[in-house]
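Geometric and topological summary
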Amino acid sequence: MNVQVVTCNHHTADLTVREQLAFPSEEVLLRAYAALRARFPASEHVLVSTCNRIELYTAQEESVSAPTQLDVARFLSEFHNVPLDAFFNDLLERTGADAVRHLFEVAASVDSMVLGESQIVSQVKEAYDLARRGNANGPLTNALFQRALAVSARVRAETRLSEGRVSIASVAVGDFGRSIFEHFRDKCVLVIGAGEMAEETLRYLQGEGIGRIVVCNRSRERGEKLALAFQGEFRPWEQLDMQLADADVIVSTTGASEPIVSAERFRFARAKTGEKPVFILDLGAPRDFASDVASLDDGVFLYNIDDLEATCERNRKARAAEVERAERIIEDETARFLQELHHKATGPIIQRLRAHWHDISRDELEQLFRKLPDLAPEQRAAIERSIERIVNKLLHPPLETLRAESKEGTPHGLLDAIRRLFHLGE
Amino acid sequence: MFPAPLAFEWDNVTVACFLSSYLVALGFEAAQLLKQHSASHWLALGMAVAGLTAQSIYLIVRSRAAGMPPLLSSTHDWLLVLAWLIVLLYVFVELLDRRVALGLFVMPIVLILVGLSRFVSADPNPNLVRLRGLGMFHASVLVLGMVGVLTSFLMSVMYLLQHRRLKTRRGETEGLRLLSLAKLSRINWWGIVLAVPLLTLGMATGVWLSYLSASTDSPVGLLRWQFVVSGIVWLTMGALFLWLLTGRAHSGRIVAWRTMCACGFLLVTLLLLQLASGGVHGTG
């Protein structure tokens, strides 16, 4: 099996690069899968696109048909219409065990900006489900992603990685929001967008005792549903400017492909409120607020995903012991997964070898029973059990050797030798 | 025979005792910038409390020796009372919220006040001795007004640092946790709103004391240069006060800048004045 991942994430690239390569909606992702199937027909694909990472996992039986980093970069360049040299150096390729380990780290939130955040699990699951809907997955990626979700659950159960500040909202509010406002009891939060990120942020802010919640979303149905879930109010998209002026905290999480709030628009919205402090958390990738909104006046405090990096790094250092425990689990699971996968490749040969020897033993037993027709049924059964034990004992050493060799990869040489020694055919 | 109990000589407590305590407290506070540890915090607080105790003993001893309350004893004592009140506020706030890095801002001011007290007159003011009641009121409102000014100055410095951190999107520095902008702004506003009337009252009682001193052996004229400079500084604070009251929509950063400049100007001028004249009332 050959697994590769080409990744552009918060470790390798700035948000300005990531937002150009992002796949912000299901529709865009399904188009991307169609393009990938046409371009790399021998591979299975899963695209993971979040605010912090754009990763393409590919897997195929034969290594010769595996797309290279350059192939993937060209695909991204053509799909997003972005020059190759604008991002090529921000891509990173991992193959084989490294790729498997990377996915396990991503799913277990060890590679996340906010260590231990839970949202990544559902993002990985959604990415895998969407690949299935886009007919881009296959047996290899199925096994890989299902195991990744299981590893994520194990890490959460066996470590304390998911304790403390484990959401982007908690980090942003903890480090910046609480440094602006004393409390949130009399504050109005405006949530632009109604996706999972918006929901998670609202859940956190509700815990902080936020005074009033307003949801503004293009889709009325989703917006109203979210507002209802948090006892908030829904406002139609056309009223966004009015809500921008009233809000003390703005959380934006839309999947828009370009900024929805320009400096000019925000200046106009703030004209009647003066320079009252407003805490803006732009969690969109691509960003929802133009970067020059931050310099409009002294009261505007605008933060995007990348601005939380330093805090998250501090958080990571403080929980180094838990990270170490999680990494040990991931290392163990990676080795086990690869061994199982490689061992699975030896399955057909083992089955043929086992069937071949059992056929021989059955033939010999039939000849023996023809020569000894007076044997009692219990005597025949005892002889059959003895022969069965002999065959199993003879099979045991080669099967154990195959299992041991599978730790290092598919034992092609050994399989070939068994095939030739026992005339098992191709 | 039992040994005689060890007698503590209160007279042995000197300015150097509490000055060094505050210096060590500042050192422990600064150490938290390198590595935040609760031990450093408690040691800093412990040293501040030790310094405060020593300073209280020192002021009591001097007050008894002069036969007057510390505020009236001398400019030296007046400065020490001011420093004492600031340390008391610091200890109180630190006990309420030990995560705030207040000591890094308060202790340097305290050290300056205590250090400066060594260079000003330690002799009782003869006029205030004669007009004890009014003199006590005059000195009290001035010292409380100065506490307000110092508080506003510190809050505005902290506000500007916090605002800059938030605008430049930097995470909190370890050991340098500041209050929220909203709280800093509120305390700053109240500091000015309380300080200016107190200072005004202090100035007014000063003028009244000057008038009353005309009939005594040592009259104090209002046209002495120390009083003129103090008047100018008071006018600056008054202007800031009016500006704050008339325009509530000012940006927090602008308010902090102006407060820092006005209060800083007042503090530096008054402290230099003390230094140059040996005390605002001086010797002539």
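Above this text sits the structure in question.
Here goes a summary of the coordinates provided. Here the residue numbering is sequential within each chain, running from 1 through the sequence in written order. As they are written, the chains are lettered A onward and the ligands numbered 1 onward, keeping that order. Residue-level local features of this predicted model are given only where pLDDT is at least 70; pairs of side-chain atoms are given and counted only at 80 or more, and the full residue set underlies all totals for whole chains, interfaces and linings. Side-chain metrics rest on all non-hydrogen atoms present in the structure, leaving aside hydrogens and water.

**Some words on the overall build of chain A**
The number of helices and strands found in chain A is 15 helices and 10 strands. With the C-alpha coordinates of chain A rotated into their principal frame, the extents come out at 105 × 45 × 40 Å. Within chain A, contacts between residues at least 6 apart in sequence are counted, and of these 73% link residues at least 24 apart. All accessible-area figures derive from a Shrake-Rupley calculation using a 1.4 Å probe, and residue coverage is judged against the displayed protein chains alone. Carbon and sulfur atoms provide 50% of the accessible area of chain A, an area that totals close to 19700 Å². Once the 53 positive and 67 negative side-chain charges of chain A are each reduced to a mean point, those two points are 4 Å apart. Numbering of helices and strands starts at the N terminus; helices are DSSP runs of H or I of at least 4 residues and strands are runs of E of at least 2. Residue contacts are counted whenever heavy atoms from the two residues lie within 4.5 Å of one another. For the purpose of counting charges, residues Lys and Arg are taken to be positive, whereas Asp and Glu are taken to be negative. His and the chain ends are not included. In plain terms, the charge of a residue is placed at NZ if it is Lys, CZ if Arg, CG if Asp and CD if Glu.

**As for the sheet that holds strand 3 (residues 53-60) of chain A**
Residues and elements named next belong to chain A. Reading across the sheet, the four strands line up as 2-3-1-4 and stay open at both edges, with antiparallel pairing between neighbours. With one partner strand each, in any of the chains shown, strand 2 (44-49) and strand 4 (92-95) form the two edges of the open sheet. Neighbour-to-neighbour, the strand axes of this sheet turn through a mean angle of 15 degrees, independent of strand direction. For two strands to be treated as a pair, DSSP must find no fewer than two bridges joining them. Across eight bridges, the pairing between strand 1 (residues 2-9) and strand 3 is antiparallel. Along strand 3, the bridge assignment pairs threonine 7 with glutamate 55. Across the sheet, helix 5 (residues 119-133) lies against strand 2 and strand 3, angled at about 145 degrees from strand 2, the strand it touches most. Axes here mean lines fitted to C-alpha atoms, for a helix over just the part in contact, with angles spanning 0 to 180 degrees between N-to-C directions. Each of strand 1, strand 2 and strand 3 is contacted by helix 6 (residues 139-158), which is oriented at about 40 degrees to strand 2, the strand it contacts most.

**Let's talk about the nonpolar core**
For this analysis, a nonpolar core means a set of buried residues of the types Ala, Val, Leu, Ile, Met, Phe, Trp, Tyr and Cys, connected via side-chain atoms within 4.5 Å. Residue burial is assigned from relative accessible area. The probe radius is 1.4 Å, only protein chains are included, and a residue is buried under 20% of its type maximum, exposed over 50%, and partly exposed in between. Core analysis: the largest hydrophobic core is formed by 120 residues, its most contacted members being Val189 and Phe279 of chain A together with Tyr22, Trp78, Tyr90, Val110 and Met237 of chain B. Of all the elements, helix 7 (residues 132-167) of chain B adds the most residues to this core, at 14 residues. Counting the residues that make up this core, at least three belong to each of domain 1 (9-123) and domain 2 (125-284) of chain B. Those residues in contact with tyrosine 90 of chain B, other than ones at most four positions away along the chain, are Glu29, Ala44, Leu45, Ala48, Leu102, Gly103, Val106 and Met107 of chain B. Listed in part, the 58 residues of the second largest apolar core include Leu76, Ala127, Ala131 and Ile329 of chain A. Note that the domain bounds reflect an automated or database-derived domain assignment.

**Here's the deal with the packing of aromatic side chains**
Within 6.5 Å between ring centres, the rings of Phe, Tyr and Trp (the latter by its six-membered ring) count as paired, and their orientation is classed by plane angle as stacked under 30 degrees, edge-to-face over 60, tilted in between. Inspection of the entire model under this criterion finds 13 aromatic pairs over all chains. Chaining the aromatic ring pairs together yields one cluster made of Phe23, Phe75 and Phe79 of chain A. Look at NZ for Lys and CZ for Arg. If either is within 6 Å of the ring centre and within 35 degrees of the ring normal, a charge sits over the ring. The ring of phenylalanine 369 of chain A carries arginine 380 of chain A above its face, with NZ or CZ at 4.3 Å from the centroid. The cationic tip of lysine 167 of chain B hangs over the ring face of phenylalanine 301 of chain A; the distance from NZ or CZ to the ring centre is 5.6 Å.

**So, the packing of helix 1 (residues 15-34) of chain B against helix 4 (residues 75-96) of chain B**
Each pair of packed helices can be summarised by the angle the axes make with each other and by the distance between the axes. Residue and element names in this part refer to chain B. Here helix 1 crosses helix 4 at 35 degrees, and the two axes come no closer than 13 Å. Remark: the crossing between helix 1 and helix 4 carries left-handed chirality. Contacts between helix 1 and helix 4 involve Val15, Phe18, Tyr22 and Glu29 from the former and His76, Leu80, Val87, Tyr90 and Glu94 from the latter. Here is the rule for handedness: rotate from the far helix to the near one, and if that takes an anticlockwise turn smaller than a right angle the crossing is left-handed, while a clockwise turn gives right-handed.

**Focus: a nonpolar patch on the surface**
All names here are of chain B. Here, patches come from residues exposed beyond 30% relative accessible area and free of salt bridges, joined within 9 Å for like charges and within 5 Å for nonpolar side chains (Val, Leu, Ile, Met, Phe, Trp, Tyr). Every case where a carboxyl oxygen of Asp or Glu lies within 4 Å of a side-chain nitrogen of Lys or Arg is listed as a salt bridge. A cluster of nonpolar side chains, Phe119, Val268, Leu272 and Leu275, forms an exposed patch at the surface whose accessible area comes to about 400 Å². Relative to the elements of secondary structure, valine 268 occurs in helix 10 (residues 252-277). Among the residues examined, valine 268 registers a relative accessible area of 48% and is labelled partly exposed.

**Let's talk about the interface of chain A and chain B**
Size of an interface, as often reported, equals the accessible area lost when the parts are brought together. Listed by partner, the interface residues are 19 residues for chain A and 18 residues for chain B. Interface of chain A and chain B: buried area, both sides summed, is about 1500 Å²; carbon and sulfur atoms make up 45% of it. By definition, the buried area sums, over both parts, the 1.4 Å-probe accessible area that each loses when the two are put together. Per-residue buried area on chain A facing chain B is highest for Ser179, Glu182 and Asp298 of chain A; these three make up 40% of the total on that side. The tally of links from chain A across to chain B stands at three salt bridges. Between glutamate 182 of chain A and arginine 186 of chain B there is a salt bridge, with its nearest N and O atoms 2.8 Å apart. The definition of a polar contact used here is a pair of N or O atoms within 3.5 Å, where within protein one atom must be able to donate a hydrogen and the other to accept one, and adjacent residues in sequence count solely through side-chain atom pairs. Counting every contact that joins chain A to chain B gives 12 residue pairs in polar contact (both at pLDDT 80 or more). At the level of elements, helix 7 (168-180), strand 10 (300-304) and helix 12 (309-318) of chain A are the ones that each hand at least two residues to the side of chain A that touches chain B. Of all the elements, helix 7 of chain A adds the most residues to the side of chain A that touches chain B, at five residues. Under the scheme applied here, ten amino acids are nonpolar (Ala, Val, Leu, Ile, Met, Phe, Trp, Tyr, Cys and Pro), four are charged (Asp, Glu, Lys and Arg), and all others, including Gly, are polar. Taken together, the residues of the side of chain A that touches chain B break down into eight nonpolar, three polar and eight charged.

**Remarks on the state of the cysteines**
Residue and element names in this part refer to chain B. Here, a disulfide means two cysteine sulfur atoms that sit within 2.5 Å of each other. All told, the structure shown has zero disulfides over all chains when counted by the stated rule. Between cysteine 261, a cysteine without a disulfide, and cysteine 263, which holds the nearest cysteine sulfur, the sulfur-to-sulfur distance is 9.6 Å. Its relative accessible area of 44% is what places cysteine 261 among the partly exposed residues.

**Structural notes on the sheet that holds strand 8 (residues 249-252) of chain A**
Residues and elements named next belong to chain A. Ordered by their spatial adjacency, six strands build an open sheet running 7-6-5-8-9-10, and the pairing between neighbours is parallel. For this open sheet the edge positions go to strand 7 (233-236) and strand 10, each flanked by a neighbour on one side alone. Ignoring strand direction, the axes of neighbouring strands in this sheet form an average angle of 20 degrees. The pairing of strand 8 with strand 9 (residues 278-282) spans four bridges and is classified as parallel. By the bridge assignment, valine 251 is partnered in strand 9 with leucine 281. Those strands touched by helix 11 (residues 263-270) are strand 8, strand 9 and strand 10, and its axis lies near 150 degrees from that of strand 9.

**As for the layout of surface pockets**
Remark: the empty space left among the atoms is shown by a probe the size of a water molecule rolled over them. Method remark: on a 1 Å grid restricted to protein atoms, a set of points is classed as a cavity if a 1.4 Å probe fits but cannot get out and as a pocket if it is open with protein on both sides within 12 Å along at least five of seven lines; lining residues have an atom within 4 Å of a point. Grid points are joined across faces, edges and corners, and a volume is the space filled by probe spheres set on the points. What the largest pocket holds in volume is close to 1400 Å³. In this structure, the largest pocket is lined by 48 residues; those nearest its centre are Arg99, Val100, Glu172, Arg177 and Leu178 of chain B. Those elements that provide at least two residues to the lining of the largest pocket are helix 7 and helix 12 of chain A together with helix 1, helix 2 (38-66), helix 4, helix 7 and helix 8 (181-213) of chain B. No other element matches the six residues that helix 4 of chain B contributes to the lining of the largest pocket. Considered class by class, the residues forming the lining of the largest pocket number 19 nonpolar, 14 polar and 15 charged. Two domains each provide a minimum of three residues to the lining of the largest pocket, namely domain 1 (9-123) and domain 2 (125-284) of chain B. For the second largest pocket, the calculated volume is near 1200 Å³. Every residue lining the second largest pocket is counted, 36 residues in all, and those nearest its centre are Pro24, Ser25, Gly195, Glu196 and Gly255 of chain A. Elements supplying a minimum of two residues to the lining of the second largest pocket: helix 2 (26-39), strand 2, helix 5 and helix 8 (196-207) of chain A. When residues of the lining of the second largest pocket are assigned to their parent elements, the largest contribution, seven residues, is made by helix 5 of chain A.

So far we have only geometry, and geometry alone does not tell us how the molecule works.
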